[in-house]
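A structural walkthrough
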Amino acid sequence: MNAIDLLKADHERVKGILTQLSESTERGVKKRTELLAKLEMEITIHTRLEEEVLYPAYKKAGGKEQDVMYYEAKEEHRTVDSLVLPDLKVTDPSTPEFAGRVKVVKELLEHHIEEEETEMFPQAKKLLGKATLEELGAQMETLKAQYKKEMSASNLAA
């Protein structure tokens, strides 16, 4: 699977989890907690794959416009990973505050996904070409399996 198809499949999974989370109710504490853990794992792995594999290749192959998009995308990741997701994780899932924070996370991620899929990914296809995207995709699949194993092990240890 090429890198872009892999990342788009991740995007669909994340959007599905976000939809389920935003449709959940304050009574569904267990469901919300499980969905949040799933969301965190998907986002963490996806972000690492983008930042370690696709983004550097994209930045290297591009020019000034790609540099700007690269740093913007990284900043959006940082906002979700360092600010929004940690806040959501410490919010009581049985409260309206949780629903509000889910809505903000959903809006941020949907904006980020749309930018990647309409701007960055089409540019990456042109800049990197099919063969490179296939290589990057294979690299990502290997890393993804490794990261999932690591995260599952650390979740079991916790």
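Look above for the structure.
In this report, the structure presented in the accompanying data block is examined. Fair warning: this is a prediction, and the values are worked out from it, not measured in the lab.

Analysis parameters
Residues numbered from 1 in each chain as written. Predicted model: local features only at pLDDT ≥ 70, side-chain atom pairs only at ≥ 80, totals over all residues. Heavy atoms only, no water. Helix = DSSP H or I, 4+ residues; strand = E, 2+ residues; numbered from the N terminus. Contact = heavy atoms within 4.5 Å. Buried < 20%, exposed > 50% of the residue type's maximum accessible area, 1.4 Å probe, protein only. Lys, Arg positive; Asp, Glu negative; His and termini not counted. Salt bridge = Lys/Arg side-chain N within 4 Å of Asp/Glu carboxyl O. Polar contact = N/O pair within 3.5 Å; in protein donor to acceptor, adjacent residues only side chain to side chain. Axes fitted to C-alpha atoms, helices over the stretch in contact; angles between N-to-C directions. Parallel < 35°, antiparallel > 145°, perpendicular 65-115°, else oblique. Left-handed = near helix turned anticlockwise from the far one by under 90°. Nonpolar A, V, L, I, M, F, W, Y, C, P; charged D, E, K, R; others polar.

1. As for the environment of Tyr-55
Among the structural elements, Tyr-55 can be located in helix H2 (residues 29-61). In sequence terms Tyr-55 and Lys-74 are 19 residues apart; their C-alpha atoms lie 8.7 Å from each other. With near-sequence residues (within four places) excluded, Tyr-55 lies in contact with Glu-50, Tyr-70, Ala-73, Lys-74, His-77, His-112, Glu-116 and Met-120.

2. Some details on the side chain of Glu-50
Examined against the element boundaries, Glu-50 turns out to sit in helix H2. Although Glu-50 is buried, it forms no salt bridge, and the closest oppositely charged side chain is Lys-144 at an N-O distance of 11 Å. A polar side-chain atom of Glu-50 sits 2.7 Å from a polar atom in the side chain of His-77.

3. A short note on the packing of helix H1 (residues 3-23) against H2
Contact geometry of H1 with H2 gives a least axis separation of 10 Å together with a crossing angle of 155°. Taken together, the axis directions place H1 and H2 in an arrangement best described as roughly antiparallel. For the crossing formed where H1 meets H2, the hand is left-handed. For the pair formed by H1 and H2, the contact residues are Leu-6, Leu-7, Asp-10, His-11, Arg-13, Val-14, Ile-17, Leu-18, Gln-20 and Leu-21 on the first element and Lys-31, Arg-32, Leu-35, Leu-36, Lys-38, Leu-39, Glu-42, Ile-43, His-46, Leu-49, Glu-50 and Leu-54 on the second. Residues belonging to the contact of H1 with H2 are distributed by class as follows: 12 nonpolar, three polar and seven charged.

4. Notes on the environment of Asp-81
By the secondary structure assignment, Asp-81 is in helix H3 (residues 64-89). Taking relative accessible area as the criterion, Asp-81 reaches 32% and is therefore assigned partly exposed. Measuring from C-alpha to C-alpha, the distance between Asp-81 and Asp-92 comes to 19 Å, with 11 residues separating the pair along the chain. Ignoring anything within four residues of it in the chain, the contact list for Asp-81 reads Ile-43, Thr-47 and Pro-86.

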